[in-house]
Number of protein chains: 2
Amino acid sequence: MPESQLPPVKGVRLASVPARIKDWQRDDLLLVEIAEGASVSATFTQNTFCAAPVVVAREHIHSGEIRALLVNAGNANAATGARGLSDTRACCEAVAQVMQIRSEQVLPFSTGVIGEHLPLQRLLDGIPKAARQLSDDGWDQAAKAIMTTDTRAKTASRTLQIAGEEITIVGIAKGSGMIQPNMATMLAYVATDATVAQPLLNAMVKEAVSASFNRVSVDGDTSTNDACVLIATGTADCEIKSRSDQGYAELMAAITQLHIELAQAVVKDGEGATKFVTVQVEGALSSEEALRVAFEVGESPLVKTALYASDPNWGRLVMAIGNAIPENLDTEKVDIYLDRVKVVEAGGRAADYREEQGEQVFTQPEFTIRIALGRGDCCEHIWTCDFSHEYVTINAEYRT
Amino acid sequence: MPESQLPPVKGVRLASVPARIKDWQRDDLLLVEIAEGASVSATFTQNTFCAAPVVVAREHIHSGEIRALLVNAGNANAATGARGLSDTRACCEAVAQVMQIRSEQVLPFSTGVIGEHLPLQRLLDGIPKAARQLSDDGWDQAAKAIMTTDTRAKTASRTLQIAGEEITIVGIAKGSGMIQPNMATMLAYVATDATVAQPLLNAMVKEAVSASFNRVSVDGDTSTNDACVLIATGTADCEIKSRSDQGYAELMAAITQLHIELAQAVVKDGEGATKFVTVQVEGALSSEEALRVAFEVGESPLVKTALYASDPNWGRLVMAIGNAIPENLDTEKVDIYLDRVKVVEAGGRAADYREEQGEQVFTQPEFTIRIALGRGDCCEHIWTCDFSHEYVTINAEYRT
């Protein structure tokens, strides 16, 4: 397979270097320089036991113009107390010095093992080396530098025309599935050269993440370090200040699609995953209810092991639906389809359904479980994967 | 190992027969006769996709004096629509005829595969056979007849003195762990010969279940058929009408302990389980918060795979805690102990902690994870087990 070739985004330069964060030979430190005047927005993990870099990044993002990102793989700097915070601040300070900016203009990110202190000196040694190598075609190398247990780099790009101007969007992500955040992090960085006003960009990153990374199946195990950053460098001649501005809808759609592509890549690369499954719920009373049903189905270990076994065990699907809606569900209005095969009709086995039909769908590498609740007009979907022997092996043997 | 010998409870007679609910040679139909004048209370699954027998049992328990229980293993009669309901009602009617009671006085229960219709005629044939064999020493046989994937029968008994009268409590349960309710049910039946007023008994079963079966780790997968029944036959000379009556405290304590013993047996027999772990949370703002933390830890697949691997990966514990308390947790007040070994102090690795100490605890078949949140006075605990290759095998290969 040829290497992907991500185009540059004017206003963003990147450099990846080997800093030996762990005992390995590979790039593990990424420095990103963002041009003056760019807008930068981010979302972070909801986990209160969040890592030191998340604490510091949350402070810095509110303090004004962000000019640099620093990412290390191999160590999460989570559950590391006061020393973890001071290590992160020292890294930001080192970036600030070498790039002649303020340390509040640096967003730090870490991914790796929880509970161990950063090898601070190695990071401090790596930062000036990285600063000397900054280049606007460093995206592909960057996607590799932030990997942990990922088996492949996750990249995506789009171009679109807004008022005759060509706009570029580039994104990279890491995470071998939120399904096994044992390396404690899903990270994503997306940049465009469009000019987007900061308040609007803040809303856009939330919407894009809600439609993408927040719809992949997790174990209920939100990591301590998750973060997603959206950068609009403003180097292209296209200024978007509000949702009614020309090009907003196209840009938002392209950014969302790119986020979805990255999120799906994370699920597909889930450790041990052998199936990529869309769970689509329709006829719900609210979007929230539809998502609750979709996640209950998509996160159920019993459903996930059935996916792994290519066993269309629809009894586990109805069980999960019944758990998601604890009150007033009229089960006789519930239909379930596996791709186009109707397996459940009016809450029971569909009259024409034959087991072989379900098996045929479930043996495919990708398919859709569609649940029609018959109680409202709202629909939602999430993406999940199966739960395999390999998952247990990887998560039981991690650290050894 | 010698067979357990459960004592009779005067006022309860049981009979188990082979009814070939599935293609197997074993008892799979249990009939229980309850003497006139007994109080009977029950709790049922919260799953709205509940099975036909749960719907009917809920109706019947409110309609007056319960005189019989009918339990079949091998088929859950869940997601079976109108025919499922009429099958269940036909079984109750058959019990009523043979025992000369009203069908509303029969509580039906089923456990097994979801989505297949009961082999009704086989149940109808089995009921009169069972009725002819009713005996007050049928408890041990009953515990076996209700098993599905259980590897051993779950039984418990207690005797105590109340005002000079000897009171007996006997209980049986099935479920190879709520952790894999693939057979779709945890069932428990407990009987005492004490005389307990119906309203008080209703409260007692709720309290006992709350302290026992509701504290074992589940996958989030509440089954469609779960039920727990508490019977007080009133044949012993000891009448308890209110909490202030003599003997209430002793009886409640004994009943609760017996429920806990059965619930722990269910966890220990969890398919694939190799460890039995108590998760104890203290210093919480509320009982609810303590339970939320305990379940988040005890149900996390990442924690469960670490238990399986005997890997004291405390980073996964802090991650789960941070997920359970999304706001205002002062992580620097959190301590974690593995049995007596302090592994986390003030939110980070305890200064004196050595990895070998944690490994020593985690290699034991039973141990306690104790989490001190340092923010309040409430404490709670749950029981969980590990997540093994065998779990995936069993749940991936079930039905094949």
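Residues numbered from 1 in each chain as written. Chains lettered and ligands numbered in written order. Predicted model: local features only at pLDDT ≥ 70, side-chain atom pairs only at ≥ 80, totals over all residues. Heavy atoms only, no water.

You'll find chain A entered in an unreviewed UniProt entry as Arginine biosynthesis bifunctional protein ArgJ, with Microbulbifer epialgicus given as the organism. Taken from UniProt, the Subunit (unreviewed entry) comment for chain A reads in full: "Heterotetramer of two alpha and two beta chains." (UniProt positions renumbered as here; feature names shortened; annotations may be inferred.)

Here we look at the overall build of chain A
Within chain A, the secondary structure is distributed over 11 helices and 17 strands. Here the C-alpha radius of gyration of chain A, 22 Å, is about what a compact globule of 400 residues would show, namely 21 Å. On the principal axes, the C-alpha backbone points of chain A span a range of 70 × 55 × 40 Å. Buried residues in chain A amount to 62% of all 400 residues. Nonlocal contacts in chain A, meaning residues at least 24 apart in sequence, comprise 80% of its contacts between residues at least 6 apart. Surface exposure of chain A reaches about 14,700 Å², of which carbon and sulfur atoms provide 46%. Of the charged side chains in chain A, 35 are positive and 53 negative; the average position of the first set lies 3 Å away from that of the second. (Helix = DSSP H or I, 4+ residues; strand = E, 2+ residues; numbered from the N terminus. Rg over C-alpha atoms; globule rule 2.2 N^0.38 Å. Buried < 20%, exposed > 50% of the residue type's maximum accessible area, 1.4 Å probe, protein only. Contact = heavy atoms within 4.5 Å. Areas by Shrake-Rupley, 256 points an atom, 1.4 Å probe, with all protein chains shown as cover. Lys, Arg positive; Asp, Glu negative; His and termini not counted. Charge placed at Lys NZ, Arg CZ, Asp CG, Glu CD.)

With respect to the domain arrangement of chain A
Note: interface size is frequently given as the accessible area lost on complex formation between the parts. Considered domain by domain, chain A is made up of domain 1 (12-268) and domain 2 (276-397). Using C-alpha coordinates to define each centre, domain 1 of chain A is positioned 33 Å away from domain 2 of chain A. (Domains from an automatic or database assignment.)

So, the packing of aromatic side chains
What the rule picks out here adds up to five aromatic pairs over all chains. Measuring from ring centre to ring centre gives 5.3 Å for A:F387 and B:F387, while their planes differ by 80°; the resulting arrangement is edge-to-face. In this pair, A:F387 is assigned in the loop between strand 17 (378-385) and helix 11 (389-397) and B:F387 in the loop between strand 17 (378-385) and helix 11 (389-397), connecting two distinct chains. Positioned over the ring face of A:W24 is A:R26, at 4.1 Å from the centre of the ring. Across from the ring centre of A:F276, 4.8 Å away, lies the NZ or CZ of A:K268, which sits over that ring. (Phe/Tyr/Trp six-rings, centres within 6.5 Å; stacked < 30°, edge-to-face > 60°. Lys NZ or Arg CZ within 6 Å of the ring centre and 35° of its normal.)

Structural notes on the confidence of the model for chain A
Residues and elements named next belong to chain A. Of all residues in chain A, 94% have pLDDT values of 70 or greater, and the mean over the chain is 89. The lowest-confidence element of chain A is helix 11, averaging 76 in pLDDT; the highest-confidence one is helix 3 (residues 120-132), averaging 98. Note on residues 177-184: pLDDT is under 50 here. Beyond four places in sequence and across chains, it has 48 contacts. (pLDDT = per-residue confidence, 0-100.)

Concerning the packing of helix 2 (residues 81-99) of chain A against helix 3 of chain A
Residues and elements named next belong to chain A. Their axes nearest at 10 Å, the elements helix 2 and helix 3 cross at an angle of 20°. Classified by the interaxial angle, the pair formed by helix 2 and helix 3 is roughly parallel. Between helix 2 and helix 3 lies a crossing of right-handed hand. Counting all contacts with helix 2, which are made through D87, A90, C91, A94, V95 and V98, the residues of helix 3 involved are L120, L123, L124, I127, P128 and A131. Looking at side-chain class alone, the contact of helix 2 with helix 3 contains 11 nonpolar, no polar and one charged residues. (Axes fitted to C-alpha atoms, helices over the stretch in contact; angles between N-to-C directions. Parallel < 35°, antiparallel > 145°, perpendicular 65-115°, else oblique. Left-handed = near helix turned anticlockwise from the far one by under 90°. Nonpolar A, V, L, I, M, F, W, Y, C, P; charged D, E, K, R; others polar.)

Considerations on the relation of the copies chain A and chain B
Rotating chain A by 180° and moving it 0.0 Å along the rotation axis overlays it on chain B with an RMSD of 0.0 Å. Interpreted geometrically, this transformation is the action of a two-fold axis. Taking the C-alpha atom as reference, chain A places A:H389 closest to the rotation axis, 2.9 Å from it. Both copies present the same face, since 98% of the interface residues in chain A are matched by interface residues at the equivalent positions in chain B. (Least-squares fit on C-alpha atoms with pLDDT ≥ 70 in both.)

Section: helix 5 (residues 198-210) of chain B
All names here are of chain B. In a regular helix each residue adds 1.5 Å, so 13 residues correspond to 18 Å; helix 5 covers 18 Å between its end C-alpha atoms and thus fits that length. Within the sequence span of helix 5, burial applies to L200, L201, M204, V205, A208 and V209. The buried residues of helix 5 occupy an angular sector of 160° when projected down its axis, which confines them to one face. Within helix 5, the exposed residues directed more than 90 degrees away from the buried face are P199 and K206. (Expected span 1.5 Å × (residues − 1). Arc of directions from axis to C-beta.)

A word on the pattern of salt bridges
Residue and element names in this part refer to chain A. Under the criterion given, the structure shown has 30 salt bridges over all chains. One salt bridge in this structure joins E104 and R102, with 3.8 Å as the shortest N-O distance. Using a relative accessible area of 32% as the deciding quantity, one classes E104 as partly exposed. With its nearest N and O atoms 2.7 Å apart, the salt bridge here joins K154 to D150. The class of D150 is buried, set by a relative accessible area of 6%. The structure contains a network of salt bridges with shared partners spanning D150, R152, K154 and D269. (Salt bridge = Lys/Arg side-chain N within 4 Å of Asp/Glu carboxyl O.)

A few points about the UniProt feature "binding site: substrate" (unreviewed entry) in chain A
Residues and elements named next belong to chain A. Under the present numbering, the feature "binding site: substrate" (unreviewed entry) in UniProt falls on T148, K174, T185, E271, N395 and T400. Locating T148 in the fold gives a position in the loop between helix 4 (139-145) and strand 6 (154-162). Residue class for E271 comes out buried when judged on its relative accessible area of 9%.

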